[in-house]
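Understanding the architecture of this molecule
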Protein chains: 2
Amino acid sequence: MQAKVILVNGMQFVGEASSGHAIVMDGDTEFGGADSGIRPSELLLVGLGGCSGMDVISILRKKRQDVRDFEIMIDGNKSDSHPKKFTDITLKYIVRGKNISEEAVKRAVELSMEKYCSVKATIEGVAKINFSYEIEQQD
Amino acid sequence: MQAKVILVNGMQFVGEASSGHAIVMDGDTEFGGADSGIRPSELLLVGLGGCSGMDVISILRKKRQDVRDFEIMIDGNKSDSHPKKFTDITLKYIVRGKNISEEAVKRAVELSMEKYCSVKATIEGVAKINFSYEIEQQD
């Protein structure tokens, strides 16, 4: 898997990955950036959520769960001193749908966190990862 | 630092971070996705490059280096078995400009890798990170 990042201007970089998709990154205005794009370290949280989200929704679909809305809230704490690595990250999975099985959600989340999610497995050497889930049943 | 990811359709998720910027993620068509956005695990490579790129260009500007183009090529290897974590990642910094000091580039890259880059510090517990640099002098 490959990527390249190219400086455009100021602190603005475009990152392009081997899938062919590109994103804009930029720094905060406090630190010389122009806030024209996402922060590089935010990509760890977004990537963790996307990686696990794809696992969980795949498993819930295989289990024939009628999921109508699905989101994950991610909260990361970083150390105060350089290099300000993430020390702990919490994911909260929110599943909305009809007759959602709590057992299915619990199992899907555990399978992602313990077996499938490559982003989680890459960052958990340093950051402690916690997770919880919430189910909202709909008619 | 916070983020949320929301399922849109199929395997397409939109991730939004606390800076207010959003990106689209999607899976490969081989794995039930529609390839409409970047892969979540690619965000680790792009985030690593962006994080270190901002460090290095800041330091080179402080050292009054006349950098005209700057990019980083990133190459990551993942393990074959689940959870397919990154085992090693290589960054190659390419600096183009006039009278670029090799010592300045070497020092800037080392400072980023050893002291400042939060993404590197978060993933190096699991993935071995290697780096090199190349300078192209211009008239």
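Everything here concerns the structure above.
Overview of the structure. Owing to the predicted nature of the structure, the values given are computational and were not obtained by experimental measurement.

It is worth spelling out the packing of helix α1 (residues 42–62) of chain A against helix α2 (residues 102–116) of chain A at this point. Residue and element names in this part refer to chain A. Contact geometry of α1 with α2 gives a least axis separation of 9 Å together with a crossing angle of 135°. One finds that α1 runs oblique with respect to α2. Handedness of the α1/α2 crossing: right-handed. Of α2, the residues touching α1 (which contributes S52, D55, V56, I59 and L60) are A104, A108, V109, L111, S112, M113 and Y116. When grouped by side-chain class, the residues that make up the contact of α1 with α2 number nine nonpolar, two polar and one charged.

This brings us to the sheet that holds strand β6 (residues 128–137) of chain B. Spatial strand order, β3(A)-β2(A)-β1(A)-β4(B)-β5(B)-β6(B): six strands in an open sheet with mixed pairing. Looking at strand neighbours, the two that pair on one side only are β3 (22–25) of chain A together with β6 of chain B, the edges of this open sheet. When the angles between neighbouring strand axes are averaged without regard to direction, this sheet yields 20°. Across 10 bridges, the pairing between strand β5 (residues 86–98) of chain B and β6 of chain B is parallel. Along β6 of chain B, the bridge assignment pairs R96 of chain B with E136 of chain B. Across the sheet, helix α2 (residues 102–116) of chain B lies against β5 and β6 of chain B, angled at about 155° from β6 of chain B, the strand it touches most.

Bringing the environment of V8 of chain B into the picture now. Residue and element names in this part refer to chain B. Inspection of the secondary structure puts V8 in strand β1 (residues 2–9). On the basis of neighbour counts, which here come to 15 C-beta atoms within 10 Å, the residue V8 falls in the partly exposed class. Counting along the chain gives 50 residues from V8 to S58, while the straight-line C-alpha distance between them is 37 Å.

Right, let's get into the sheet that holds strand β6 (residues 128–137) of chain A. Overall, mixed pairing links the six strands, which are arranged β6(A)-β5(A)-β4(A)-β1(B)-β2(B)-β3(B) in an open sheet. Single-partner strands in this sheet number two, and they are β6 of chain A together with β3 (22–25) of chain B. This sheet shows a mean twist of 20° between the axes of neighbouring strands, independent of strand direction. As paired elements, strand β4 (residues 66–78) of chain A and β1 of chain B share five bridges and run antiparallel to each other. Opposite I72 of chain A, over in β1 of chain B, you have V5 of chain B as the bridge partner. Sheet strands in contact with α1 of chain A are β4 and β5 (86–98) of chain A together with β1, β2 (12–17) and β3 of chain B, and its direction is about 150° off that of β4 of chain A. Packing against the sheet, α2 of chain A makes contact with β5 and β6 of chain A, and its axis sits at approximately 155° to β6 of chain A.

To continue, consider the interface of chain A and chain B. Many analyses report the size of an interface as the accessible area lost when the parts associate. The interface of chain A with chain B comprises 61 residues on the first partner and 62 residues on the second. Put simply, the parts of the chain that give the side of chain A that touches chain B at least two residues each are β1 (2–9), β2 (12–17), β3, α1, β4, α2 and α3 (118–123) of chain A. Here the side of chain A that touches chain B takes 13 residues from α1 of chain A, the largest share from any one element.

Bringing the relation of the copies chain A and chain B into the picture now. The transform that puts chain A on chain B rotates by 180° and translates by 0.0 Å along the axis, for an RMSD of 0.0 Å. The operation mapping one copy onto its partner corresponds to a two-fold rotation axis. Taken together, the interface assignments show that 100% of the residues at the interface of chain A recur at the interface of chain B, consistent with an identical surface on both copies.

This part takes up the pairing of β4 of chain A. Bridge count for β4 of chain A against β5 of chain A is 12 bridges, and the pairing is antiparallel. Bridge pairing links K78 of chain A to F86 of chain A in β5 of chain A.

Moving on: the environment of P83 of chain A. Within the secondary structure layout, P83 of chain A lies in the loop between β4 and β5. As a C-alpha pair, P83 of chain A and K120 of chain A span 37 residues in sequence and 20 Å in three-dimensional space. Apart from the residues within four sequence positions on either side, P83 of chain A is in contact with K115, Y116, C117, S118, K120 and A121 of chain B.

What counts as what
Residues numbered from 1 in each chain as written. Chains lettered and ligands numbered in written order. Predicted model: local features only at pLDDT ≥ 70, side-chain atom pairs only at ≥ 80, totals over all residues. Axes fitted to C-alpha atoms, helices over the stretch in contact; angles between N-to-C directions. Helix = DSSP H or I, 4+ residues; strand = E, 2+ residues; numbered from the N terminus. Parallel < 35°, antiparallel > 145°, perpendicular 65-115°, else oblique. Left-handed = near helix turned anticlockwise from the far one by under 90°. Contact = placed C-beta atoms within 7 Å. Nonpolar A, V, L, I, M, F, W, Y, C, P; charged D, E, K, R; others polar. Pairing = 2+ DSSP bridges. Buried ≥ 20, exposed ≤ 12 C-beta atoms within 10 Å, placed from the backbone. Least-squares fit on C-alpha atoms with pLDDT ≥ 70 in both.

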